Amino acid sequence: MIIHHVDAFTNELFKGNPACVCVSDAPLDENLMQKIAAENNLSETAFLVKNGEIYNLRWFTPVSEVDLCGHATLASAFVLKSFFEPSQNEFKFSTLSGILTVTYENCVFLLDFPVFELKEINVTEAMSRAVGAKPQQAFLGRDLLLIMENESDIINAKLDFGAMLELDGLITHISAKGGEFDCVSRSFAPKLGISEDPVCGSGHCHIVPFWAKNLDKTKLKALQASARSGILECEMMSNGRVRLGGTAVLYSKNEVFV
């Protein structure tokens, strides 16, 4: 089986968020998929199986399966477009989050994703300890979204992953209004065996609705300010979903023997 290693949400190697993509003729055993993801040791490994006109898609971190992943979906569409179905410009995936559609327009992959409903919760001392500064606001969806006072709180965050493990939510995102960009964010997932997710697409299903409302804009340019960094072109859609746009580059193709 061939595994494609792709850097997503970037047009440069060694930036964005790396994902491995495995395309197989038949579904793999769940235990095997988890072992492959652990061996790859990236934030996500995507497993694809064609099912008629769509593809079944599952995402695994090194320690567990997740219900939604943006960068590995982008990487999956990139691999299909580049190596399997080059004439196709729309890809549909059956996932734990329903049918997801990725379209290819003007050399950009556009992901049509659901949003997570956010409930405002009280800011706690544990949150401040986990991210090194007091959040201005806190919201809980699938993940925890902490709104910080300024961009420097994001870039220079002093993190306590032990404290973060005790917070609500699957992933912890910190975000602030940007200067050059509409918003700046970072994402941390120690509960999934990932200290920092370099560019988190599913996180922006929390981040984009917040900033679209607060900035009164439907289109946002977002920076994920990890060491690798990544840029997302985001749009809050009238149907209540979010569109995430990005590009990807191939790092390697590897044959695995399982």
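Further up the page is the structure itself.
Presented here is an overview of the structure given in this document. (Residues numbered from 1 in each chain as written. Predicted model: local features only at pLDDT ≥ 70, side-chain atom pairs only at ≥ 80, totals over all residues. Heavy atoms only, no water.)

## Side note on the overall build of the protein chain
- In terms of regular secondary structure, the protein chain is built from six helices and 18 strands.
- For the protein chain, whose C-alpha radius of gyration is 17 Å, the value lies close to the compact-globule estimate of 18 Å for 258 residues.
- On the principal axes, the C-alpha backbone points of the protein chain span a range of 50 × 35 × 30 Å.
- Taking all 258 residues of the protein chain together, 53% fall into the buried category.
- Put simply, the protein chain shows about 11400 Å² of open surface, and 48% of that area lies on carbon and sulfur atoms.
- Here the protein chain contributes 22 positively and 32 negatively charged side chains, and the mean placements of these two sets differ by 3 Å. (Helix = DSSP H or I, 4+ residues; strand = E, 2+ residues; numbered from the N terminus. Rg over C-alpha atoms; globule rule 2.2 N^0.38 Å. Buried < 20%, exposed > 50% of the residue type's maximum accessible area, 1.4 Å probe, protein only. Areas by Shrake-Rupley, 256 points an atom, 1.4 Å probe, with all protein chains shown as cover. Lys, Arg positive; Asp, Glu negative; His and termini not counted. Charge placed at Lys NZ, Arg CZ, Asp CG, Glu CD.)

## Things to note about helix α2 (residues 70-84)
- Look at α2: 20 Å from first C-alpha to last across 15 residues, which is about the 21 Å you get at 1.5 Å a residue.
- By the criterion of burial, α2 is predominantly enclosed, with 12 of the 15 residues buried.
- For α2, the complete set of buried residues consists of G70, H71, A72, T73, L74, A75, S76, A77, F78, V79, L80 and K81. (Expected span 1.5 Å × (residues − 1).)

## Section: the pairing of strand β6 (residues 90-95)
- Residue alternation in β6 divides its side chains into a buried set, F91, F93 and T95, and an unburied set, E90, K92 and S94.
- Across six bridges, the pairing between β6 and strand β7 (residues 98-105) is antiparallel. From the neighbouring strand, T95 faces β7, where its bridge partner is G98.
- Where β6 hands over to β7, the hairpin turn is made up of two residues, counted between the paired strands. (Pairing = 2+ DSSP bridges.)

## Some words on the side chain of S128
- Position of S128 relative to the elements: it lies in helix α3 (residues 125-131).
- Sequence-distant contacts of S128, that is, excluding residues within four places in its chain, are made with A133, K134 and P135. (Contact = heavy atoms within 4.5 Å.)

## Remarks on the environment of K35
- Looking at where K35 falls in the secondary structure, it is placed in helix α1 (residues 30-40).
- Assessed through its relative accessible area of 54%, K35 is described here as exposed.
- Measuring from C-alpha to C-alpha, the distance between K35 and P62 comes to 7.8 Å, with 27 residues separating the pair along the chain.

## Some words on the nonpolar core
- One finds L48, W59, F93 and F113 to be the most contacted residues of the largest nonpolar core, which totals 53 residues.
- With near-sequence residues (within four places) excluded, L48 lies in contact with V21, C22, V23, S24, Y55, N56, L57, S76, L80 and F93.
- Of all hydrophobic cores here, the second largest spans 19 residues; its members include M127, V131, M148 and I154. (Core = buried A, V, L, I, M, F, W, Y, C linked by side-chain atoms within 4.5 Å.)

## Brief notes about the pairing of strand β10 (residues 137-140)
- With three bridges connecting them, strand β9 (residues 119-121) and β10 associate as antiparallel partners. Residue pairing in the sheet places I121 in a bridge with A138 of β10.
- Bridging between β10 and strand β11 (residues 144-147) involves four bridges; their strand directions are antiparallel. Paired with F139 across the strands is L145, a residue of β11.
- Where β10 hands over to β11, the hairpin turn is made up of three residues, counted between the paired strands.

## Considering unusual backbone geometry
- In this model, F14 sits at a positive phi of 75°, which is unusual for a non-glycine residue.
- Look at D216: it is not a glycine, yet its phi comes out positive at around 55°.
- In this structure, D216 sits in the loop between α6 (204-215) and β15 (219-224).

## Here we look at the side chain of D153
- As for its position among the elements, D153 is in helix α4 (residues 151-155).
- Although D153 lies buried, it forms no salt bridge, and the closest oppositely charged side chain, K158, sits 8.8 Å away as judged by the N-O distance.
- Apart from residues no more than four positions distant in its own chain, D153 is found in contact with A133, M148 and I174. (Salt bridge = Lys/Arg side-chain N within 4 Å of Asp/Glu carboxyl O.)

## Quick look at a nonpolar patch on the surface
- Taken together, the side chains of L13, F14 and Y251 make up a nonpolar region of the molecular surface, amounting to roughly 320 Å² of accessible area.
- Residue position: F14 is located in the loop between β1 (2-8) and β2 (17-24).
- Classification of F14 as exposed rests on a relative accessible area of 54%. (Patch = residues over 30% accessible without salt bridge, like charges linked within 9 Å, V, L, I, M, F, W, Y side chains within 5 Å.)

## Let's talk about the pattern of salt bridges
- Under the criterion given, the structure shown has 10 salt bridges.
- Ionic pairing is found between R142 and D143, a salt bridge with its closest N-O pair at 2.8 Å.
- Its relative accessible area of 14% is what places R142 among the buried residues.
- Note on D143: relative accessible area 0%, which makes it buried.
- Connected through shared salt-bridge partners, E30, R58 and E65 make up one network.

In short, the description is geometric, and any link to function would need to be established separately.
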